[in-house]
Amino acid sequence: MRAKIVAANWKMNKALPQAIELMQAITFGLRQNPASCKVVIAPPFVYLERLVTETTGLAEVAAQNCCSRNNGAYTGEVSAGMIESVGATYCIVGHSERRQLYAETPDVLEAKLQRCYDHNLTPIFCIGENHLERTEERHFEVVAQQLEYVLFNFTVEHAAKTVIAYEPVWAIGTGLTASPEQAQEMHSFIRRQIATKFGQELADNITILYGGSCNAQNAAGLFTKEDIDGGLIGGAALVADDFLKICNELR
Ligand code: PEP
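In this report, the structure presented in the accompanying data block is examined. (Residues numbered from 1 in each chain as written. Predicted model: local features only at pLDDT ≥ 70, side-chain atom pairs only at ≥ 80, totals over all residues. Heavy atoms only, no water.)

As for the overall build of the chain
Line of reasoning, step 1. Secondary structure summary: the chain contains 12 helices and 8 strands in total.
Line of reasoning, step 2. Relative to its length of 251 residues, the chain is compact, with a C-alpha radius of gyration of 17 Å against a globular reference of 18 Å.
Line of reasoning, step 3. If you line up the chain on its principal axes, its C-alpha atoms span 45 × 45 × 35 Å.
Line of reasoning, step 4. In the chain, 73% of the contacts between residues at least 6 apart in sequence involve partners at least 24 apart.
Line of reasoning, step 5. In the form shown here, the chain has an accessible surface area of approximately 11100 Å², with 51% of it arising from carbon and sulfur atoms. (Helix = DSSP H or I, 4+ residues; strand = E, 2+ residues; numbered from the N terminus. Rg over C-alpha atoms; globule rule 2.2 N^0.38 Å. Contact = heavy atoms within 4.5 Å. Areas by Shrake-Rupley, 256 points an atom, 1.4 Å probe, with all protein chains shown as cover.)

Below, the structure written as structure tokens:
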């Protein structure tokens, strides 16, 4: 049985009082109406420690990124060890905004995955094609390469500690969602790639999330697809009621 997860990526939003308020509204909602999936919240770095104390076992906390190095003279960076030390348990790696805006290459992402494995953080490894790649019908090739250049450099034991998030870049923050059929087609492809590389057992057990304008209206349709094990939610995760509804759509 693979883990079902709804994860929130708050990106660079909210000051501390609003972040606490949102987390409290989410935990209140989860206490009233428990979700049948794991709930993971990825706030900005500076709120990690504070928000870990707010989760009271109802959710887990993720970082949105980590440094590719362990420690040392890397001004402004935050290491996986530091993230672990404040009680966060997940870390998003390779989000398309990091790949595009901060030029994160496969080598850097491989190092970040290694840092996560070294520090007991479950990486949520993001992959997905951009609009041009989809229109040129290269989306399967692109996603296969993103797996091959990064995740496939690890052992099956490491890969088993990973959550994959398929996030078509053309759907992130655009209001354009992949249809449930498009998402299912890619999730099933990713699972087959995992089976070929690491074996059927891992393919059957690895969690693959969908991300890209998933919201309270369209989550149910996506989550009924057999290879979609939950979602990585951006904009819709900033409103507690919407996020809770999404969590409750995953059964
Ligand atoms: C994301 O940033 O991971 C994401 C899925 O964003 P949105 O839901 O806003 O498209």
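Still to come is the rest of the account.
Quick word on the pattern of salt bridges
Line of reasoning, step 1. The full count for this structure, using the stated rule, is 13 salt bridges.
Line of reasoning, step 2. Here Arg-50 makes a salt bridge to Glu-54, at a shortest N to O gap of 2.6 Å.
Line of reasoning, step 3. For Arg-50, a relative accessible area of 35% corresponds to the partly exposed category.
Line of reasoning, step 4. Given a relative accessible area of 14%, Glu-54 falls into the buried group. (Salt bridge = Lys/Arg side-chain N within 4 Å of Asp/Glu carboxyl O. Buried < 20%, exposed > 50% of the residue type's maximum accessible area, 1.4 Å probe, protein only.)

Comments concerning the site of the ligand
Line of reasoning, step 1. Around the ligand sit 14 residues, and of these Lys-11, His-95, Glu-167, Gly-173 and Ser-213 come closest.
Line of reasoning, step 2. A distance of 2.7 Å is found between an oxygen atom of the ligand and a side-chain nitrogen or oxygen belonging to Glu-167.
Line of reasoning, step 3. Relative to its free-state accessible area of 290 Å², the ligand is covered by the protein chains to the extent of 95%.
Line of reasoning, step 4. Along the lines of polarity and charge, the residues of the shell around the ligand split into 4 nonpolar, 8 polar and 2 charged. (Near = heavy atom within 4 Å. Polar contact = N/O pair within 3.5 Å; in protein donor to acceptor, adjacent residues only side chain to side chain. Nonpolar A, V, L, I, M, F, W, Y, C, P; charged D, E, K, R; others polar.)

A closer look at the pairing of strand S3 (residues 60–63)
Line of reasoning, step 1. Relative to S3, strand S2 (residues 38–42) runs parallel, the two sharing 2 bridges. If you follow Ile-41 over to S3, its bridge partner there is Val-61.
Line of reasoning, step 2. Taken together, the 2 bridges between S3 and strand S4 (residues 90–93) define a ladder with parallel strand orientation. When the sheet's bridge partners are listed, Ala-62 is paired in S4 with Tyr-90.
Line of reasoning, step 3. With helix H3 (residues 80–85) bridging S3 and its parallel neighbour S4, the resulting β-α-β unit is right-handed. (Pairing = 2+ DSSP bridges. Right-handed = clockwise from strand over helix to strand, strands pointing away.)

As for the environment of Gln-184
Line of reasoning, step 1. Looking at where Gln-184 falls in the secondary structure, it is placed in helix H9 (residues 180–198).
Line of reasoning, step 2. Spatially, the C-alpha atoms of Gln-184 and His-131 are 18 Å apart, while their sequence positions differ by 53 residues.
Line of reasoning, step 3. Beyond its immediate sequence surroundings of up to four residues, Gln-184 is in contact with Lys-225, Glu-226, Asp-227 and Ile-228.

Considering the side chain of Thr-162
Line of reasoning, step 1. Mapping Thr-162 onto the fold places it in the loop between helix H8 (156–159) and strand S6 (163–166).
Line of reasoning, step 2. By relative accessible area, Thr-162 is classed as buried at 4%.
Line of reasoning, step 3. At a separation of 3.2 Å, a polar atom in the side chain of Thr-162 contacts the main-chain carbonyl oxygen of His-158.
Line of reasoning, step 4. Excluding residues that lie within four positions of it along the chain, Thr-162 makes contacts with Tyr-117, Pro-123, Phe-125, Leu-151 and Ile-206.

Brief notes about the nonpolar core
Line of reasoning, step 1. Within the largest apolar cluster, 71 residues are counted, with the highest numbers of intra-cluster contacts made by Trp-10, Leu-151, Ile-190, Ile-194 and Phe-243.
Line of reasoning, step 2. The greatest single-element share of this core, amounting to 7 residues, is contributed by H9.
Line of reasoning, step 3. Residues within four places of Ile-194 in sequence aside, it is in contact with Leu-151, Phe-152, Ile-164, Gly-199, Leu-202, Ala-203 and Ile-206.
Line of reasoning, step 4. In terms of nonpolar packing, the next biggest core, distinct from the first, is built from 13 residues, Ile-5, Ala-7, Ala-42 and Cys-126 among them. (Core = buried A, V, L, I, M, F, W, Y, C linked by side-chain atoms within 4.5 Å.)

A few points about the packing of helix H7 (residues 139–149) against H9
Line of reasoning, step 1. H9 packs onto H7 with a crossing angle of 40° between their chain directions and a minimal axis gap of 11 Å. Considering their axes alone, H7 and H9 lie oblique with respect to each other. Handedness of the H7/H9 crossing: right-handed. Facing His-139, Phe-140, Val-143, Ala-144 and Leu-147 of H7, the residues of H9 in contact are Glu-185, Met-186, Phe-189, Ile-190 and Gln-193.
Line of reasoning, step 2. Split by residue class, the contact of H7 with H9 holds 7 nonpolar, 2 polar and 1 charged. (Axes fitted to C-alpha atoms, helices over the stretch in contact; angles between N-to-C directions. Parallel < 35°, antiparallel > 145°, perpendicular 65-115°, else oblique. Left-handed = near helix turned anticlockwise from the far one by under 90°.)

Things to note about the packing of aromatic side chains
Line of reasoning, step 1. Evaluation of the coordinates by the stated rule reveals 4 aromatic pairs.
Line of reasoning, step 2. Taking the centre distance of 5.1 Å and the plane angle of 75° together, the rings of Tyr-117 and Phe-154 count as edge-to-face. Taken together, the residues Tyr-117 in helix H5 (residues 106–118) and Phe-154 in the loop between H7 and H8 connect sequence positions 37 residues apart.
Line of reasoning, step 3. Of the residues examined, Phe-154 reaches a relative accessible area of 9% and is grouped as buried.
Line of reasoning, step 4. The ring of Tyr-102 is capped by Arg-98, whose NZ or CZ atom sits 4.2 Å from the centre of that ring.
Line of reasoning, step 5. Note that Lys-197 overlies the ring of Phe-198, its terminal NZ or CZ placed 5.9 Å from the centroid. (Phe/Tyr/Trp six-rings, centres within 6.5 Å; stacked < 30°, edge-to-face > 60°. Lys NZ or Arg CZ within 6 Å of the ring centre and 35° of its normal.)

Note that every value here comes from positions in space, so none of it alone points to a role or purpose.
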